[in-house]
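The chain contents come next:
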Amino acid sequence: MKYAGLIAKLTLEEKAGLTSGLDFWHTKAVKRLGIPSEMMTDGPHGLRRQESDSDALGLGRSVPATCFPTASALANTWDESLLSDVGRAIGEEAVAQGVGMVLGPGVNIKRSPLCGRNFEYFSEDPLLSGKLAAAMIRGIQSTGVSACVKHFAANSQELRRMTTDSVVDERTLREIYLPAFETAVKEGGVRSLMTAYNRLNGTYCNENGHLLRDILRGEWGFDGLVVSDWGGNNDRVEAVRAGSSLEMPASNGETDRHIVDAVRSGTLDEALLDEQVDHVLDFVFSAQKTLAHGGVSDGTAHHALAAKAAAESAVLLKNENEFLPLRRFERVAVIGDFAAVPRYQGAGSSHVNPTRLDAPLDALRDAGVNIVGYEKGFLRSGAAAPRLLRRAKDLAARSEKVLLFLGLDEGSEAEGYDRGHMRLRENQLDLLREIAEINPNVGVVLQCGSPVEMTWDVFSRAVLYLCLGGQAVGTACAALLTGEANPCGKLAETMPVRLEDTPCAPWYPGREATSEYREGLFVGYRYYESAHKRVKYPFGYGLSYTEFSYAPGEFSPGGVSFTVKNTGSRAGAEIAQLYVRAKTGGMLRPALSLAGFARVELLPGEEKTVFIPLGERSFAVWSRAKNRWVVEEGGYELCVGASCRDLRLVRTVHVAGEAPFDEYAAPEFDVYRRADVHHVSDGSFAALLGHDIPPARWKDRGAVDFNDAISRGKYLPGGLGKGLYTALAAARRVMDLVGSRENAGNLMYVLDMPWRNAARMANVFSDAQVKALLKIVNKEKGGWKHFLAETKKKRAHKRA
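Residues numbered from 1 in each chain as written. Predicted model: local features only at pLDDT ≥ 70, side-chain atom pairs only at ≥ 80, totals over all residues. Heavy atoms only, no water.

## Some details on the sheet that holds strand S26 (residues 646–655)
The following threshold applies: Strands were regarded as paired on the criterion that DSSP finds at least two bridges between them. In this description a helix means any DSSP run of H or I spanning at least four residues, a strand means any run of E spanning at least two, and both kinds are numbered starting from the N terminus. Here an axis means a line fitted to C-alpha atoms, over the contact stretch when the element is a helix, while the angle between two N-to-C directions is reported on a 0 to 180 degree scale.
Strand order in the open sheet made by the four strands is S21-S20-S25-S26, with antiparallel pairing throughout. A single partner strand is all that each edge strand has here, and the edge strands are strand S21 (593–602) and S26. Between one strand axis and the next, the sheet turns by 20° as a mean value, whatever way the strands run. Of the pairings in the sheet, the one linking strand S20 (residues 572–582) to strand S25 (residues 634–643) comprises six bridges and is antiparallel in character. By the bridge assignment for S25, Ala582 is matched with Tyr636.

## Side note on the pattern of salt bridges
Put simply, the test is: When a carboxyl oxygen of Asp or Glu is within 4 Å of a side-chain nitrogen of Lys or Arg, the pair counts as a salt bridge. The rule is simple: take the accessible area with a 1.4 Å probe, protein chains only, and divide by the maximum for that residue type; under 20% is buried, over 50% is exposed, in between is partly exposed.
Counted under the stated rule, the structure contains 61 salt bridges. Salt-bridge contacts for Arg32 lead to Glu14; the nearest nitrogen and oxygen are separated by 2.8 Å. Of this pair, Arg32 sits in the loop between helix H2 (12–18) and strand S1 (40–42) while Glu14 is found in helix H2, placing the two residues 18 residues apart along the sequence. Judged by its relative accessible area of 52%, Arg32 falls in the exposed class. For Glu14, a relative accessible area of 18% translates into the label buried. Across the salt bridge formed by Arg236 and Glu247, the nearest N and O atoms sit 3.8 Å from each other.

## Comments concerning helix H15 (residues 386–397)
Think of an α-helix as 3.6 residues a turn; residues three or four steps apart then line up on the same face. Stated precisely, the cut-off is as follows: Helices are assigned an expected span. That span is 1.5 Å times one less than the residue count. Our arc is simply the arc of the directions from the helix axis toward the C-beta atoms. Contacts are assigned to residue pairs with any non-hydrogen atoms lying within 4.5 Å of each other.
Counted at 1.5 Å a residue, the expected span for H15 with its 12 residues is 16 Å, and the 17 Å between its end C-alpha atoms agrees. Listing the buried residues of H15 in full gives Leu388, Leu389, Ala392, Leu395 and Ala396. The arc that holds the buried residues of H15, viewed along the axis, is 125°, so those residues lie on one side. Projecting away from the buried face of H15 at angles above 90 degrees are the exposed residues Pro386, Arg387 and Ala397. Check the buried side of H15 and you find it contacts strand S10 (332–335), strand S11 (371–375), strand S12 (401–407) and helix H16 (426–438).

By themselves, these figures tell us nothing about what the structure is for.
Shown next, in the form of structure tokens:
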């Protein structure tokens, strides 16, 4: 251990205290030994340092910081160098604001487009997610600040996120949901990792020894700090035993006593506690050194970087007859509320208070576009507005081209709850259809952080997808529409035709006790390519104002070389992608998997030779029988192209390895061999898991317990639990009715909160009081008497 001498001087109570927070954002200090208290704060795409340290819910105003494009946007750049620059800028602002740890990036895989927090994550592909996260981590940590990759692991839905059990087979976990974290550790050198709220195969992630001890610290060699998500600690003794270092936020000393009692009773080895104290000390002393002399960040330069990132993040999805870029002097109507008030980030703990905000409408005017008028066109809430519609149609009739700004409103994509569908609001689509009847020269500018159903694109000549482009989205938008910048981004997630086409549609979200990952490996393009499913826009797709050609070079198991040429008249960047397709005849695999990529900047007529390396893991599968990675000997197609459905160069190479074998030969796996994952039976899923499927319904799990969601009260026959649920659910419905989507989301957060957090986060009750309340909820005899007795004990403890 690094600080063994100092740890020897700590009392047991001080050790327990150091492994739990001081408040919502700080670690505890031990002043007599010179151990400082240091701060951490949210920061996947910009800092969110609270103005008040006592803001226990993290809902208050934060100190202004540069709001960069969200991860869902940055991923479309496929640009590791840019991600490193963004990370460095965030790190510089952290130093300037006295923050020692940035809680980001997030690398959870986009299992479904509906996940409310998808805008915080990079991709449906683990390799792309991991490479971009590692680059951002290197940038943040180059400033001395620690990055914290999150949320480990299989945290793919917001509904019941603090109580749900993600039921995933080991191979899918290893090949889809863990590799991005592994890359963050091994290539990014990340110093901290945040565990997820959910259980994984029956055990909370923050106390999951298989995740933390066996894989993270054992196989990957991670030697940094593991912190719980805020309120994500269940059993702190088990968490320390599993390898978790720090509970956040403060639990008012409640769980500190659990640690002290466990060590004194001999049920927790103090050496395990010392290990975690060492990780906490390493963080606080590193932060102290970094922050000792303060820092200054360049807001102007960071805003310029945010504009560059937003421009690179945009994806041109459609461009009929070169509708874009706009020609000089064309008479352009700008319609849509998002032009004047852009959607530029999501809601929840990642929400940044921007240093400034550029609106597309203002930026287009500043760029000299001949705007004949602007109309709001629709209400964000979705309510009908005939007058706005009429004025928009009148404006469209007297213009040559219409730029129509559409998107999802602020309440549609937020932490704490998931979307219920993939549609834009109907009033926006009505506006598009009616304007297209009057003036067919319509270009749509789309602002949202997740895929939407896009059958409406037949009414537009062009679609420019800005995603959630951060505070400089307006400047970037104007540059892209006028041709000052060339849109070269490519989709980091598939745009399906409709929600029902997505691989986990029948299983998502898990609504009560579990979330079943029945689709297994078939996530995103791995499913669409294997099932030969039609999509709206494929993974890796994106148009440009120029064109590129490919010429082959050398193909080998060690890597692929090829030449990319810009055959158009504008400078631009091509994102070349390398996929692997196994032809070994052995283990069941998806049709394609991304093995590498390269972003190539080219002037008109310029060509460059590109080399994308391959390694053993490019061809490996996880064998559940052998419990390790295996490379099967045989032929593999190496496919280079502009998207997963535009493969320009394909060559077969022979790879040495173990004799091909198939662990999925039994009839129960036929549904997986057909990639027919919408029809996975209980028998097939149990075979994939290698054990029985755990009960999915609360009613099959017995009495309400300490870790059940408050929303379980919906299914109770009456009493306290039912009453509490009914009151909160009614309040949420009122918030929805009055259009307060974010407040409705906050109430959903409370409904999905486990009973334990009435003690751990709200600090209203002790653990013992909450457990006594649960006796009342479960209508056990003597429940009220027990609760009053525990209340008396708490008061006596407080007085003492």
